[in-house]
Amino acid sequence: MSWLTEYVRPKIRGLLKREVPDNLWTNCESCEQMILTKDLRKAMNVCPHCGYHMRATVPERLEWTFDNGEYTRIELPRVPVDPLSFRDRKRYTDRLKDERAKSQLDESMAVAHGRIGGHNAVVAVMAFEFIAGTMGAALGEAFLAAARLAILQQSPLVVFTASGGARMQEGMISLMQMPRTTVGVQMLKEAGLPYFVVLTNPTTGGVSASFAMLGDVQIAEPNALIGFAGQRVIEDTVREKLPEGFQRAEYLLEHGMLDMVVKRGDLPVTLGHLIGQLNYRHIAPRPAA
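Residues numbered from 1 in each chain as written. Predicted model: local features only at pLDDT ≥ 70, side-chain atom pairs only at ≥ 80, totals over all residues. Heavy atoms only, no water.

Rules: UniProt positions are given in the numbering used here, feature names are shortened, and annotations may be inferred rather than shown by experiment.
As recorded in an unreviewed UniProt entry, the protein chain goes by the name Acetyl-coenzyme A carboxylase carboxyl transferase subunit beta, listed as coming from Komagataeibacter swingsii. The UniProt entry for the protein chain carries the following comment under Subunit (unreviewed entry): "Acetyl-CoA carboxylase is a heterohexamer composed of biotin carboxyl carrier protein (AccB), biotin carboxylase (AccC) and two subunits each of ACCase subunit alpha (AccA) and ACCase subunit beta (AccD)." Looking at the Subcellular location (unreviewed entry) heading of the UniProt record, one finds this comment for the protein chain: "Cytoplasm".

Here's what the structure looks like:
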């Protein structure tokens, strides 16, 4: 009997047992339903049960946005690292090194160009996966590089925002990026080129107080958190209870702060139509069939 229990039974269990990958299932942050990760990716990280839009990485945004997922990333300008020699729980230089290794990104914004709906376009995507998409000197340079590329190519600029606001490790240098990015928006306007902003969850702080709210067309994903200060801070300041859904995309649309709220799966087609309508002077000819 001991031979059966100690040898045969473990062997049978070993044959029957199947290894299950750790990332096979994903738990929805809203309804807490379990979703097959491969099905979630096919649905562009939108929960099939409740429609909740989960966060997306930079490569995912670029692949979903450009025609056939084809685009060209550009190299962004370098900026001085740790100009304030900042340290909190760890050195800022060590934090940047860790974030770059974890996210496989150099900074909190990536820029690429390609075609959307058959039209040439430049797209800048904020990376929430890199220090919560915080805005520092590198992001300011990236935004200006995107604006200059759009002007060079006579193409519209589309920016996907996702940010926790200014980057405290860069202090005043971070806050200086608010007027710098605003200058980039003005450059596009003077060139007569459309500027589209797609606000995703969350878009807060200095980003929402600068280039994120200056688009010719303001689009948001459903239920995206959009605002400057947090709800609790505002309630403590005005000493009033804020309405339900305050700072969510639908509330801002209802009060005239947004032009439209668009589901993630509809964004590429919507952007293609808008580019065609507003950028008619610079439409690239479609290739012959």
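1. Overview of empty space enclosed by the protein
Once rolled over the atoms, a probe with the size of a water molecule shows which space is left empty. Quick reminder of the rule: Each cavity reported here is a set of points on a 1 Å grid over the protein atoms alone in which a 1.4 Å probe fits but cannot get out, each pocket an open set with protein on both sides within 12 Å along at least five of seven lines, and each lining residue one with an atom within 4 Å of a point. Grid points are joined across faces, edges and corners, and a volume is the space filled by probe spheres set on the points. Each helix is a run of DSSP H or I of at least 4 residues and each strand a run of E of at least 2, with the numbering of both proceeding from the N terminus. When residues are grouped by polarity, Ala, Val, Leu, Ile, Met, Phe, Trp, Tyr, Cys and Pro land in nonpolar, Asp, Glu, Lys and Arg in charged, and all others, Gly among them, in polar.
This model, assessed by the stated rule, comprises three cavities of 30 Å³ or more. Around the largest cavity, the lining is made up of 20 residues, and of these Arg-55, Arg-61, Thr-200, Asn-201 and Arg-264 lie nearest the centre. Among the secondary structure elements, those contributing two or more residues to the lining of the largest cavity are β5 (119–126), β6 (157–163) and β7 (195–203). Looking at the lining of the largest cavity, the element that brings in the most residues is β6, giving three residues. Here the residues of the lining of the largest cavity sort into ten nonpolar, five polar and five charged.

2. Some remarks on unusual backbone geometry
Heads up, the rule is: Each residue is assigned to one of three classes by its accessible area relative to the maximum for its type, calculated with a 1.4 Å probe on protein chains only: buried under 20%, partly exposed between the two thresholds, exposed over 50%.
Asn-201 connects to Pro-202 through a cis peptide bond whose omega is -5 degrees. One can find Pro-202 in strand β7. We note that Glu-32 has phi near 65 degrees; this positive angle belongs to a residue other than glycine. Mapped onto the secondary structure, Glu-32 falls in the loop between β1 (25–27) and β2 (34–36). A relative accessible area of 61% places Glu-32 in the exposed class. Although it is not a glycine, Asn-223 sits at a positive phi angle of roughly 65 degrees. With respect to the secondary-structure elements, Asn-223 resides in the loop between β8 (217–220) and α9 (231–238). Asn-223 gets classed as partly exposed once you look at its relative accessible area, which sits at 33%.

3. Description of the pattern of salt bridges
Let me state the cut-off plainly: Criterion for a salt bridge: a side-chain nitrogen of Lys or Arg within 4 Å of a carboxyl oxygen of Asp or Glu.
For the structure shown, the criterion picks out ten salt bridges. With its nearest N and O atoms 2.8 Å apart, the salt bridge here joins Glu-141 to Arg-180. Remark: Arg-180 occurs in helix α7 (residues 177–190) and Glu-141 occurs in helix α5 (residues 137–153); sequence separation between them is 39 residues. The residue Glu-221 makes a salt bridge to Arg-264 at a minimum N-O spacing of 2.9 Å. Pair noted here: Glu-221 is in the loop between β8 and α9 and Arg-264 is in the loop between β9 (260–261) and α11 (267–278), with a separation of 43 residues, a long-range link. For Glu-221, a relative accessible area of 2% translates into the label buried. Taken together, the shared-partner salt bridges in this structure form one network comprising Arg-61, Glu-221 and Arg-264.

4. Some thoughts on the UniProt feature "binding site: Zn(2+)" (unreviewed entry) in the protein chain
As a reminder, the rule being used: Contacts were defined at the residue level, with two residues in contact if any of their heavy atoms lie within 4.5 Å.
Sites flagged by UniProt as "binding site: Zn(2+)" (unreviewed entry) map to Cys-28, Cys-31, Cys-47 and Cys-50. Spatial clustering of the annotated residues is evident: they stretch over 23 residues in sequence, but the largest pairwise C-alpha distance comes to 8.8 Å. Among the structural elements, Cys-31 can be located in the loop between β1 and β2. Beyond its immediate chain neighbours, meaning those up to four positions away, Cys-31 contacts Cys-47, His-49 and Cys-50. Tracing the backbone through its elements, the reader meets Cys-50 in the loop between α2 (37–42) and α3 (58–65).

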